[in-house]
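Chain by chain, the residues:
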Amino acid sequence: MCKFTGFMKDNAPMNRAQVIALDHAHVWHPYTAMGAWRESGSTLVIREADGSWLTDADGKRYLDANSSWWTMSLGHRHPRLLRAAADQLRQLDHVAFAGITHEPAARLAEELCELAPAGLTRVFFVDNGSTAIEFALKTCLEYFQRIGDAQRTGFLTFDGAFHGDTAGATSLGGVESFVAAFASITFPCTRLPCPWREDEALAALARELHANGPRIAAVFLEPMLQGAAGMKMQSASFLRAVRELTEAHGVLLVLDEVFAGYGRTGTFWACDKAGVVPDLLCTAKAFAQFIPMGAVLVHERIFAPFAAPEASALPYGHTFNGNPFAAAIAREVLAIYRDENIVARVAKDADLFASCAARLAAIPGVLRTRSLGFVVAADLADPSGSEGYGGTIGWRVFAEALKRGIFLRPLGNTVYACPPLNTGASDVTFLFEAMEESVQSALTSSRG
Ligand SMILES: Cc1ncc(COP(=O)(O)O)c(C=O)c1O
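Residues numbered from 1 in each chain as written. Predicted model: local features only at pLDDT ≥ 70, side-chain atom pairs only at ≥ 80, totals over all residues.

1. Describing the overall build of the protein chain
Scanning the protein chain from terminus to terminus reveals 15 helices and 16 strands. Relative to a compact globule of 448 residues, whose C-alpha radius of gyration would be 22 Å, the protein chain shows 22 Å and is just as compact. Over its C-alpha atoms, taken along the principal directions, the protein chain stretches across nearly 65 × 55 × 50 Å. Within the protein chain, the proportion of its 448 residues that are buried is 46%. Sequence separation of 24 or more characterises 71% of the internal contacts of the protein chain that already satisfy a separation of 6 or more. (Helix = DSSP H or I, 4+ residues; strand = E, 2+ residues; numbered from the N terminus. Rg over C-alpha atoms; globule rule 2.2 N^0.38 Å. Buried ≥ 20, exposed ≤ 12 C-beta atoms within 10 Å, placed from the backbone. Contact = placed C-beta atoms within 7 Å.)

Structure, rendered in structure tokens:
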């Protein structure tokens, strides 16, 4: 019996209820408690998007204060990206990247190296943030094996760290609720205190390096800004101190700029704020906006043992590494950053985010607030007393924000906004007013 019988009954546009019925019958969503979500009746069906705005199946608009999981730093459907995508597809869609190259990837690599911290002159293309981390883990291990220092197999990470959901990246994770179930398939890492407790984290790092330095391969860190931990920020001096300590002990520093890079913090790379050069720098998300692609920028010194004529291949790669379509889009992303002065605009408008943090801090029930570049966050008192991801107050704010035309997905009881970096000033003002009202309203009703 042919499986295609009855398949694709028709292609007429569906209404909201029809989409939900099919979805709830067949789809499994990421980070979604499927049973509760299906019962909640609050399914958002997005039909289209433009700039900083999403439009649902009923025509209601929402400002995308989440940049669609922190990717759309240039907003949705930027006309130049649509053109770049169409142009590239007319020429070359996909080709394997092992032992083959093409102009979009070669040019993109050159452009990235020009923007990279000095010394990062080699680019390995990956599919997303998690595979950037997997590549970095394996490269650190193999690097030390190849230079005859094979006892360096340990990895240091921090409480609150989030580096992705593949098994290697999960091993580095410091958000307990994301890692606890997977202990049997992850490898042990030494977890240091959260970087926002800077003195404690640095003291622990120094102790660990002193005790075990010769057995440690690398420290992994989200520089300046831990995203999934609840938008927890560090100072530039913390990052400089981590670099000094790792260098002193011959330990590699891998910076995960999957979220913090591409202007989010007000400099192109977050590590630019500290003038720090890592050994490997991971980037993804905003890198190619709506197409899964990322890269790891590697110091030439780390690449050297892989480059000798007699050196064997690093046994690592994914089917879509270096995909020309994604590379053409990623190149155009960089050109737009240059032509539209995106990073300078973030640095200029960061004050608006700081003012929003100050106003949120004055609302009763707001425990603490913070901002950096185009990110503002507030930790709220949860009626259950629960901290972090266990709380429900963030979801009450989410519901209030939806009513006001804002998509404001929380991280537990932390609510935050990180809209596209080219969101206009009047939309930013609208966002902050609605966010403040939503927080106020959710906290008031949670007390009553
Ligand atoms: C800092 C950081 N690293 C890595 C990842 C994993 O990226 P991806 O979801 O593209 O695999 C994320 C995802 O949110 C992240 O925030």
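2. What to know about the pairing of strand 12 (residues 294-299)
Of all six residues making up strand 12, six are buried, and the element is well covered by its neighbours. Burial along strand 12 is two-sided: G294, V296 and V298 facing one way and A295, L297 and H299 facing the other are all buried. Pairing geometry for strand 4 (residues 120-126) and strand 12, over six bridges, is antiparallel. Among the inter-strand pairings, V123 is bridged to a residue of strand 12, identified as L297. Note that strand 11 (residues 280-283) and strand 12 share four bridges and pair antiparallel. Residue T283 lies in a different strand from strand 12, and its bridge partner there is A295. (Pairing = 2+ DSSP bridges.)

3. Structural notes on the pairing of strand 11
What you see with strand 11 is no split at all: L280 and C282 on one side and L281 and T283 on the other are buried throughout. In the sheet, strand 10 (residues 252-256) pairs with strand 11 via three bridges, with the strands oriented parallel. Of the residues in strand 11, the one forming a bridge with L255 is L281.

4. Digging into the domain arrangement of the protein chain
Here the protein chain is partitioned into domain 1 (19-77 + 341-447) and domain 2 (92-339). Centre-to-centre, using C-alpha coordinates, domain 1 lies 27 Å away from domain 2. Tallying the contact residues gives 25 residues for domain 1 and 23 residues for domain 2. Broken down by secondary-structure element, the contributors of at least two residues to the side of domain 1 that touches domain 2 are helix 13 (342-361), strand 13 (366-372), strand 14 (375-380) and strand 16 (414-417). Looking at which element gives the most residues to the side of domain 1 that touches domain 2, the answer is helix 13, with five residues. For the side of domain 1 that touches domain 2, the class distribution of residues is 17 nonpolar, six polar and two charged. (Domains from an automatic or database assignment. Nonpolar A, V, L, I, M, F, W, Y, C, P; charged D, E, K, R; others polar.)

5. Overview of the sheet that holds strand 12
The seven strands lie next to each other as 4-12-11-10-7-5-6, forming an open sheet whose pairing is mixed. Each edge of the open sheet carries a strand with a single partner, namely strand 4 and strand 6 (190-192). Neighbouring strand axes in the sheet, compared pairwise and without regard to direction, differ in orientation by 20° on average. Across the sheet, helix 9 (residues 198-212) is in contact with strand 5 (154-158), strand 6 and strand 7 (216-221); its angle to strand 6 comes to roughly 150°. (Axes fitted to C-alpha atoms, helices over the stretch in contact; angles between N-to-C directions.)

6. Digging into the environment of E176
Here E176 lies in helix 8 (residues 176-179). Taking the number of C-beta atoms within 10 Å as the measure of exposure, E176 has 12 and is therefore exposed. In this structure, the C-alpha to C-alpha distance between E176 and G160, residues 16 residues apart in sequence, is 8.1 Å.

7. Regarding the site of the ligand
Looking at the ligand, there are 14 residues lining it, with N128, G129, S130, G164 and V258 nearest. Top element by residues in the shell around the ligand is helix 6 (residues 129-146). It accounts for three residues. Classifying every residue of the shell around the ligand by side-chain character gives six nonpolar, six polar and two charged. (Near = placed C-beta within 6 Å.)

8. Some points on helix 10 (residues 236-248)
For helix 10, spanning 13 residues, the distance from its first C-alpha to its last is 18 Å, which sits close to the expected 18 Å at 1.5 Å a residue. Of all the residues in helix 10, the buried ones are F238, L239, A241, V242, R243 and T246. Summarising the contacts, the buried residues of helix 10 are in contact with helix 9, strand 7 and strand 10. Positive phi shows up at G250, right after helix 10, with a value of about 65°. (Expected span 1.5 Å × (residues − 1).)

9. Some details on the environment of G424
Within the secondary structure, G424 sits in the loop between strand 16 and helix 15 (425-447). Along the chain, G424 and E387 lie 37 residues apart, while their C-alpha atoms are 34 Å from each other.

10. A few points about the packing of helix 9 against helix 10
Packing of helix 9 against helix 10 brings their axes to within 11 Å, and their N-to-C directions diverge by 5°. Between helix 9 and helix 10, the angle is such that the two are roughly parallel. Along its contact with helix 9, which presents E198, L202, L205, A206 and L209, the element helix 10 presents F238, A241, V242 and L245. Of the residues belonging to the contact of helix 9 with helix 10, the class tally is eight nonpolar, no polar and one charged. (Parallel < 35°, antiparallel > 145°, perpendicular 65-115°, else oblique.)

11. Quick word on the sheet that holds strand 2 (residues 53-56)
Read across the sheet, four strands follow the order 1-2-3-15 without closing on themselves; strand pairing throughout is mixed. Taken across any chain shown, the strands that pair with only one partner, and hence form the sheet edges, are strand 1 (46-50) and strand 15 (406-407). Here strand 1 pairs with strand 2 via four bridges, running antiparallel. Along strand 2, the bridge assignment pairs E48 with T55.

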